[in-house]
There are 2 protein chains.
Amino acid sequence: MLRVSYDGTDFCGWQVQNEMRTVEGELNKAINELTGEDIEVIGASRTDSGVHAKGNVAVFDAESTIPAEKFMYAINSLLPDDVTVVESKEVDIDFHPRHCRSVKTYEYRIYTSRINNPLKRRFAFRFPTELDVEKMDEAAKYLIGEHDFKSFCCVRTQAETTIREIISADVYRDDEDIVIRVTGAGFLYNMVRIIAGSLMEVGSGKYEPVHIKEVLEGTDRTLAGPTAEPQGLMLVNIEFL
Amino acid sequence: MLRVSYDGTDFCGWQVQNEMRTVEGELNKAINELTGEDIEVIGASRTDSGVHAKGNVAVFDAESTIPAEKFMYAINSLLPDDVTVVESKEVDIDFHPRHCRSVKTYEYRIYTSRINNPLKRRFAFRFPTELDVEKMDEAAKYLIGEHDFKSFCCVRTQAETTIREIISADVYRDDEDIVIRVTGAGFLYNMVRIIAGSLMEVGSGKYEPVHIKEVLEGTDRTLAGPTAEPQGLMLVNIEFL
């Protein structure tokens, strides 16, 4: 198992696509070069183009005799500097990172400014006016628990069910930035970005916090806010239960 | 006068060079497009390739009737997103940002890790082992005051004198990072990066803090540490007196 950190700015997301530069593609290439085996990793979260990770997870089977704990140093020497393996270890042969129960934490980072900030632009979304962080946090609390998150899911979803469980949801200031931090047992496609877009509608004064409860109960994507841009989103951690 | 912020990673420094992508070159191009005049800005600090700025300063003369305070919005719409004008205002016709007396503040940011961090790599230097921040701060204090900084200056310097005044020098932790913050009335070429390289030699235990005093008194570049890599350096602010 590899824990993988990346700056998603210059990747077309995690998943291998023809001719595109992807995180999975870079990992496969480096592992194949290292082991001489034709290996394809399985990722825990197939993050979108532009989305970052402190700790995404990938697994693969290999014949390689390199000790699992040392594998990270060998593979890092072959990876470009916007993706790095931060931990490598052996796991059970039947471990599948998308079929095992897990808890994921995401952060969506926002800065409020009339103008672009070249020093923040890769890892935060710029909102042009002030946001009411307390109202956003109050609104986020309605998301906690097991709910049908259909309103917060891309309409193109192939998920069998849109019921998910959010364990915690907080909005707070971090220096000059605003951070939306959400922990849950599984997320739908685009769910955190739609949550972020909806909470910004509350923060800007377009709606009161209780609006988020109404959106949730309406189970209709058109009630929620826009899908917030990818550069603000970071997959912070995945814990397997 | 323009205050300019930039992510220096993808620039070959400030100063215009043939065919190279530079901050000054992007500013000239945008101003010329906006005003139709053939203008070349004068920069306060000609930062090196890879060095960043929160607030570098550029001035120019123009016939343009755009109010100075609005100029920033017009020019930002023509600039790439790794450089942004954060303030624009009118100044005296005889104001020259390199001939006026000024106080500059620089920060050099370090993270200590055996492995690369894709989320920090653009704005911080990776040191492979732990550093003793208290000893580095103690060493930095020897730099305060008016001294001959010949030891901390690139040997290729064309400066008439290597005497400069450091007003404050501090080394402290900022979350997981270590920051060297230096404020002074003028700096020699590569001075902050050589200070950073020398303080890291103290932090790693190669020398005691008093070594910095000996380097200073020796007035010999070979006594100081290496020139630290550019990506850790940020020009934070320039104040004109």
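Residue numbers here run from 1 along each chain, matching the order of that chain's written sequence. Lettering of chains starts at A and numbering of ligands starts at 1, both following the order in which they are written. A pLDDT threshold of at least 70 governs which residues receive local features in this predicted model, and a stricter bar of 80 or more applies before side-chain atom pairs are shown or counted, although totals over entire chains, interfaces and linings include all residues. Each side-chain value is worked out from all heavy atoms of the structure, with water and hydrogens disregarded.

Side note on the interface of chain A and chain B
Here is the rule we go by: Should any heavy atoms of two residues lie within 4.5 Å, those residues are considered in contact. What gets called buried area is simply the loss in accessible area from a 1.4 Å probe that two parts show on being joined, summed for both. Whenever a carboxyl oxygen of Asp or Glu lies within 4 Å of a side-chain nitrogen of Lys or Arg, that contact is scored as a salt bridge. Counting of polar contacts relies on pairs of N or O atoms within 3.5 Å, with two restrictions inside protein: one atom must be capable of donating a hydrogen and the other of accepting it, and residues adjacent in sequence are counted only when both atoms are side-chain atoms. By definition, any uninterrupted DSSP run of H or I lasting at least four residues is a helix, any uninterrupted run of E lasting at least two residues is a strand, and each is numbered from the N terminus.
Across the contact, 25 residues belong to chain A and 25 residues belong to chain B. Summed over both sides, the interface of chain A with chain B buries roughly 1,800 Å², with 60% coming from carbon and sulfur. The interface formed by chain A and chain B holds four salt bridges in total. The interface formed by chain A and chain B includes ten residue pairs in polar contact (both at pLDDT 80 or more). Of all elements in the fold, only β1 (2–6), β3 (52–59), α2 (68–76) and β4 (83–88) of chain A reach the threshold of two or more residues within the side of chain A that touches chain B.

Re the pattern of salt bridges
Operational definition: Exposed residues in this analysis have more than 50% of their type's maximum accessible area, buried residues have under 20%, and partly exposed residues fall in between, with area computed by a 1.4 Å probe over protein chains only.
Taken as a whole, this structure holds 39 salt bridges over all chains when the rule is applied. The partner of E208 of chain A in a salt bridge is K135 of chain A, and the shortest N-O contact between them spans 3.5 Å. Remark: K135 of chain A occurs in helix α3 (residues 133–140) and E208 of chain A occurs in the loop between α4 (191–203) and α5 (211–218); sequence separation between them is 73 residues. Using a relative accessible area of 45% as the deciding quantity, one classes E208 of chain A as partly exposed. Salt bridges linked by common partners bring D7, D10, D81 and R122 of chain A together with R121 of chain B together as one network.

Concerning the domain arrangement of chain A
When the parts of a complex come together, some accessible area is lost, and that lost area is often taken as the interface size. All names here are of chain A. Rule in force here: Boundary definitions for the domains trace back to an automatic or database domain assignment. Under the grouping applied here, Gly and all other residues not named as nonpolar or charged are polar, the nonpolar ones being Ala, Val, Leu, Ile, Met, Phe, Trp, Tyr, Cys and Pro and the charged ones Asp, Glu, Lys and Arg.
By domain assignment, chain A separates into domain 1 (2–88) and domain 2 (102–240). On a C-alpha basis, the centroid separation for the pair domain 1 and domain 2 is 27 Å. Tallying the contact residues gives 17 residues for domain 1 and 16 residues for domain 2. The junction of domain 1 with domain 2 conceals about 1,300 Å² of combined surface from both sides, 52% of it contributed by carbon and sulfur atoms. Among the residues domain 1 hides against domain 2, the three largest losses belong to D48, H52 and K54. Together they make up 36% of the total. Taken together, the connections running from domain 1 to domain 2 amount to three salt bridges. With a shortest N-O distance of 3.1 Å, R122 and D10 are connected by a salt bridge. At the junction of domain 1 and domain 2, the tally comes to eleven residue pairs in polar contact (both at pLDDT 80 or more). At six residues, β3 tops the list of elements feeding residues into the side of domain 1 that touches domain 2. Considered class by class, the residues forming the side of domain 1 that touches domain 2 number four nonpolar, eight polar and five charged.

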